[in-house]
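# Close look at the chain arrangement
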Amino acid sequence: MTELGLPDTIQACLFDLDGVVTRTAVVHAAAWKETFDDFLRAYEGERARPFDAVADYDEYVDGRPRADGVRTFLASRGIELPEGDPGDPPDARTVQGIGNRKNQLVLKKIRTEGVEAYEGTIRYIEAVRAGGLRTAIVSSSANTRDVLRSIGAEHLFDVRIDGVVAAERGLPGKPRPDTFQAAARDLGVEYRQAAVFEDALAGMDAGRSGGFGYVVGVDRVGQTDALYAHGADIVVEDLAELGGKQ
C-alpha cells in the first residue's frame with residue numbers, strides 16, 4: 001500500500017460528491033423527506049407512512065439519479081406513477097414532477113444554508129494530486145459544477161461525470177458502474193487502475209460490479225457493516241484516515 005492508503009497499482013481516484021466531498025447528503029435526505037412526505041399524505045391520506053430519512057434514504061435513494069430514486073422508493077411502497085416529462089412542474093403527480101420538486105427544495109436549502117466541504121477529503125485529494133494520481137468527480141447530481149464552484153474545488157478534478165454529462169451520454173446511474181467507468185476512460189486508465197470513493201450503498205454496488213482496483217467506503221452515518229456488505233475494500237469515517245497528510 002502507498003502513503004495514500006491505496007494499492008500500488010492505482011493511478012486514478014474517482015470521488016462521489018455528496019457525503020464524500022461535501023456535507024450535502026443530509027441536505028438531500030431532508031429534501032427527499034419533505035418531498036415524499038407531502039406526496040404520500042396527498043396520495044394516501046392519514047394512513048401514509050412517512051419517508052425515513054435514514055433507512056429509506058440509504059436503501060432507495062442515496063447515490064441514484066433523481067428519477068431512479070423516485071421510482072425505487074415509490075415501488076417499495078407499491079406505488080407506480082406515470083413517468084411524465086423532464087419539464088413537469090414540481091406539483092405534477094409524475095416521477096419527473098416529484099423529482100423536480102425535490103430538486104427545487106434541495107437548491108433552496110443549499111442557497112439558504114450553504115455548502116460545506118469535508119476538509120479531510122479536500123486535503124486527501126490535494127495529496128492524491130501531489131502524488132501524481134489523476135482525479136474525477138462522479139455524481140448523479142445535475143448541480144455538481146455549481147456545488148464544486150461554491151466550495152472552490154472545481155480545479156481539483158481532471159474529469160467531471162455528473163447528472164448532466166450522464167444524460168448527454170446516455171449513461172445509466174448508480175448502482176450501475178457506467179458513470180465511474182466513463183470517468184476512468186476519460187482519465188485514460190483501466191478500471192482496475194482506479195479507486196472509487198463512495199458513501200452510498202448504490203455507489204458501493206457500482207464499485208463492486210465495475211471491475212475497479214479498490215473501493216473505499218466513507219461512513220458518515222454509522223453504516224460500516226452495510227458498506228462492507230455492498231463491496232467496500234475498506235471503510236473509513238474520514239479520508240484523512242487513509243494518509244496523504246500535507
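Report follows, based on the coordinates. Note that the structure is a prediction, hence the values are computed from the model and not measured.

### Quick look at the packing of aromatic side chains
For the coordinates displayed, the defined rule picks out 11 aromatic pairs. Measuring from ring centre to ring centre gives 4.9 Å for Phe-51 and Phe-73, while their planes differ by 80 degrees; the resulting arrangement is edge-to-face. Remark: Phe-73 occurs in helix α3 (residues 66–76) and Phe-51 occurs in the loop between α1 (25–44) and α2 (55–61); sequence separation between them is 22 residues. Both residues of the pair, Phe-51 and Phe-73, belong to the buried class. Sitting over the ring of Tyr-118, Arg-220 keeps its end group 3.5 Å from the ring centre.

### Examining the environment of Arg-77
Looking at the element boundaries, Arg-77 is found in the loop between α3 and α4 (95–113). Looking at Arg-77, the relative accessible area reads 14%, which means it is buried. In sequence terms Arg-77 and Gly-114 are 37 residues apart; their C-alpha atoms lie 33 Å from each other. Apart from the residues lying within four places of it in its own chain, the contact partners of Arg-77 are Leu-40, Arg-49, Pro-50, Phe-51 and Asp-56. In this structure the side chain of Arg-77 is engaged in a polar contact, spanning 3.1 Å, whose partner is the backbone oxygen of Pro-50.

### A closer look at the packing of α1 against α3
Two elements in contact, α1 and α3, have axes separated by 12 Å at closest approach and are oriented at 45 degrees. It follows that α1 is oblique to α3 by the angle criterion. Where α1 crosses over α3, the handedness of that crossing is right-handed. Of the residues in α3, those in contact with Trp-32, Phe-36, Phe-39 and Leu-40 of α1 are Arg-66, Gly-69, Val-70, Phe-73 and Leu-74. By residue class, the composition of the contact of α1 with α3 is 7 nonpolar, 1 polar and 1 charged.

### A look at helix α5 (residues 119–130)
With 12 residues, α5 ought to run about 16 Å at 1.5 Å a step, and its terminal C-alpha atoms sit 16 Å apart, in line with that. Burial in α5 covers these residues: Gly-120, Thr-121, Ile-122, Tyr-124, Ile-125, Ala-127 and Val-128. Against the buried residues of α5 lie β1 (12–15), β2 (134–138) and β4 (194–198). Directly after α5, the chain includes Gly-132, whose backbone phi takes a positive value near 90 degrees.

### Description of the side chain of Asp-162
Position of Asp-162 among the secondary structure elements: in the loop between β3 (159–161) and α7 (163–169). At 2.7 Å, the side chain of Asp-162 forms a polar contact with the side chain of Arg-160. There is a polar contact of 3.0 Å between the side chain of Asp-162 and the backbone nitrogen of Val-165.

### Section: the sheet that holds β2
The sheet built from 6 strands is open, its strands ordered β3-β2-β1-β4-β5-β6 with parallel pairing. The two strands at the open ends of the sheet, each matched to only one other strand, are β3 and β6 (234–236). Direction aside, the axes of adjacent strands within the sheet are offset by 20 degrees on average. Where β4 and strand β5 (residues 214–218) come together, 4 bridges link them in parallel fashion. Considered in β5, the bridge of Val-196 is made with Val-215.

Procedures and definitions
Residues numbered from 1 in each chain as written. Predicted model: local features only at pLDDT ≥ 70, side-chain atom pairs only at ≥ 80, totals over all residues. Heavy atoms only, no water. Phe/Tyr/Trp six-rings, centres within 6.5 Å; stacked < 30°, edge-to-face > 60°. Helix = DSSP H or I, 4+ residues; strand = E, 2+ residues; numbered from the N terminus. Buried < 20%, exposed > 50% of the residue type's maximum accessible area, 1.4 Å probe, protein only. Lys NZ or Arg CZ within 6 Å of the ring centre and 35° of its normal. Contact = heavy atoms within 4.5 Å. Polar contact = N/O pair within 3.5 Å; in protein donor to acceptor, adjacent residues only side chain to side chain. Axes fitted to C-alpha atoms, helices over the stretch in contact; angles between N-to-C directions. Parallel < 35°, antiparallel > 145°, perpendicular 65-115°, else oblique. Left-handed = near helix turned anticlockwise from the far one by under 90°. Nonpolar A, V, L, I, M, F, W, Y, C, P; charged D, E, K, R; others polar. Expected span 1.5 Å × (residues − 1). Pairing = 2+ DSSP bridges.

Everything listed is a geometric property; what it means functionally is a separate question.
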